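Observations on the model geometry
Chain by chain, the residues run as shown.
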Amino acid sequence: MADNVALRVFLVPENEIEGKFSVIRLKHPKSGTPVLCALDSSNKLYEIVHFMDEFSSWFAGNTVIQDGRLFILTVVDPLFFILSYVNQDGKFCPLEDLLIDADFPDMHFLSKCCSSEELLNIFDSKEAAGYRVLCYNNIKTLHWLQKKVEYLSSSLKQKQISINDGSKAACLQTNDDKENPEILQSYAYHLISDYLSEELSKELLKSLGLQIKEDKPKSENDAQGASKNTCTSPTDDYSKKYSMSSAQEKQKTKMSAAQKQLMKVDKKGMKTISSFFQKK
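How each quantity is defined
Residues numbered from 1 in each chain as written. Predicted model: local features only at pLDDT ≥ 70, side-chain atom pairs only at ≥ 80, totals over all residues. Heavy atoms only, no water. Buried < 20%, exposed > 50% of the residue type's maximum accessible area, 1.4 Å probe, protein only. Helix = DSSP H or I, 4+ residues; strand = E, 2+ residues; numbered from the N terminus. Arc of directions from axis to C-beta. Contact = heavy atoms within 4.5 Å. Pairing = 2+ DSSP bridges. Axes fitted to C-alpha atoms, helices over the stretch in contact; angles between N-to-C directions. Expected span 1.5 Å × (residues − 1). Polar contact = N/O pair within 3.5 Å; in protein donor to acceptor, adjacent residues only side chain to side chain.

Restricting attention to buried positions, one finds in helix α7 (residues 198-208) the residues L200, S201, L204, L205 and L208. Buried residues in α7, looked at end-on, bunch into an arc of 140°, giving them a common side. Turned more than 90 degrees away from the buried face of α7, the exposed residues are E199, K202 and K206. Of the surrounding elements, those touching the buried residues of α7 are α1 (78-83), β9 (131-136), α4 (138-158) and α6 (181-193).

See the structure below:
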């Protein structure tokens, strides 16, 4: 192994272990931030996600890989990335013209990732001057996304994948946890919406007829109750109203007879106690 080659650990599908991948940089369809993806020899698109512990590394033969991240290649539908570039003005144009982005020049690779039939899930198509041109169809897109949600929710049920917030043993899971179609559909919707714009996510939610519960804002009574249970510090500075003269007057009134006699003693030439503890 060359010393100047940075090694990484990737988890890839078993049937693609011997394959070659090209790493490309695409724009995330929801956040618009850069995301690393990979293309195999058949132009199948994978998203590269990684998992990392705080302190970790890998051993590869006699080599220690300092970067302890685990990179995972997961299959992703390229139509999700194409959706963020569609024109909604009702005009037809070639797919190559839609995928022009100076900030993300690798977007043009997506034109090779989809077949003609797959593009018809979100586009209308026709021939113009010998070119195949496309026009975005919102109704087709919502129908395609609904099928994605249905397929994902049925897969979760079939494979009995737990979707609870915390881990729970299989023997403790109820039938509602495993087979509630509304919960599974809602969970599948959230997974799909991670690759959709906010506007399209709302349209999909409406078409599915799902009710997403929102956290209720705290009322004024709750806020007042919380303030009563908290410990607060005083805001007034009482030290400004406290003078040394008043303290001395109080001290004089509380002096005993012996203390008064001691105050009358002539202290000239006497050393204070603190003088015996000074550094020489």
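Attention shifts here to unusual backbone geometry. Even without being a glycine, A129 presents a positive backbone phi close to 55°. For A129, the position within the fold is in the loop between β8 (123-128) and β9. Phi is positive for Q160, close to 55°, though the residue is something other than glycine. Assignment of secondary structure puts Q160 in the loop between α4 and α5 (175-179).

What follows concerns the pairing of strand β2 (residues 22-27). Look at any regular strand and the pattern is simple: side chains alternate between the two faces of the sheet. Sheet analysis places β2 next to strand β3 (residues 34-39), joined by 6 bridges and oriented antiparallel. Bridging across to β3, K27 finds its partner in P34. Linking β2 back to β3 in an antiparallel pair, the connection comprises 6 residues, with G32 at a positive phi of about 80°.

Taken in spatial order, the 5 strands of this open sheet run β1-β7-β4-β3-β2, and their pairing is mixed. Each edge of the open sheet is held by one strand with a lone partner, namely β1 (9-11) and β2. Looking at each pair of strands side by side, their axes are set apart by 40° on average, direction ignored.

Before going further, it helps to examine α6. Between its first and last C-alpha, α6 extends 18 Å over 13 residues, near the 18 Å set by a 1.5 Å rise per residue. Among the residues of α6, those classed as buried are L184, S186, A188, Y189, I192 and S193. Put simply, N180 is the residue that caps the front of α6, since its side-chain oxygen is 3.1 Å from the backbone nitrogen of E182.

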